[in-house]
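# A structural walkthrough
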Amino acid sequence: MKNLLLILLLAPTLLHAQQYTRTTIQHRADSFLLAYTRHDILAHSKWVPGTGAYSTYTYTNRKGKLKYTMLPWEDSTYTTGNFAGIKVWYDVTYPYPKCAIADTIRTHIIIDLDGQLELRHTPDISVIPDYVWENDSCKNVQ
């Protein structure tokens, strides 16, 4: 009887656990990157789902403890537990021929998503120089 009561009390918690596929996470992160940059910058950005911190997400387990684990490799496999968030790293290698001294912009942009795949913080796009945003040459840059 106690087990049945425990199952009934935990059922709503288990039913509302957010779980996502790798494809869903990437699509959502791409949409936020596009919202803060441009199509041409997104086209030269590569999602880094490799190893280590680049592919680790957080979730809460059944006991309510925050855990870290690797993102599933298969696109159709769901994440574990109640998804709490992920930081999606993008390697940006943007060719910029209008500037002879810096003809390629190489940087990272991080999209920080919460448990509902909403943006936690505005991404730092200041790593992309102003002359790129203005579509100008870099002659006036000191």
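Up top is the structure these notes are about.
Cut-offs applied
Residues numbered from 1 in each chain as written. Predicted model: local features only at pLDDT ≥ 70, side-chain atom pairs only at ≥ 80, totals over all residues. Heavy atoms only, no water. Pairing = 2+ DSSP bridges. Helix = DSSP H or I, 4+ residues; strand = E, 2+ residues; numbered from the N terminus. Expected span 1.5 Å × (residues − 1). Buried < 20%, exposed > 50% of the residue type's maximum accessible area, 1.4 Å probe, protein only. Arc of directions from axis to C-beta. Core = buried A, V, L, I, M, F, W, Y, C linked by side-chain atoms within 4.5 Å. Contact = heavy atoms within 4.5 Å.

### Topic: the pairing of strand β3 (residues 66-70)
Bridge analysis of strand β2 (residues 56-60) against β3 gives five bridges, and the strand direction is antiparallel. Looking at the pairing, T60 lines up with L66 of β3. Between β2 and the antiparallel strand that follows it, β3, lie five residues; G64 among them carries a positive phi value of about 85°.

### Things to note about the pairing of strand β4 (residues 82-95)
Looking at chain direction, strand β1 (residues 45-47) and β4 are connected through three bridges and run antiparallel. Paired with S45 across the bridge in β4 is V92.

### Topic: helix α2 (residues 22-36)
End to end, α2 covers 22 Å across 15 residues, agreeing with the expected 21 Å (1.5 Å per residue, within 8%). Those residues of α2 not exposed but buried are R22, I25, A29, F32 and L33. Relative to the axis of α2, the buried residues are bounded by an arc of 100° and lie together on one face. In this structure, α2 carries H27 and A35 as exposed residues pointing more than 90 degrees from its buried face.

### What to know about the nonpolar core
One finds I25, I86, V88, I111 and L113 to be the most contacted residues of the largest nonpolar core, which totals 27 residues. When residues of this core are traced back to their parent elements, those giving at least two are α2, β2, β4, β5 (104-114) and α4 (130-133). Excluding residues within four positions of it along the chain, I111 makes contact with A29, F32, L33, I86, K87, V88, Y90, L119 and P123.

Purely geometric stuff here, so don't read any function into it on its own.
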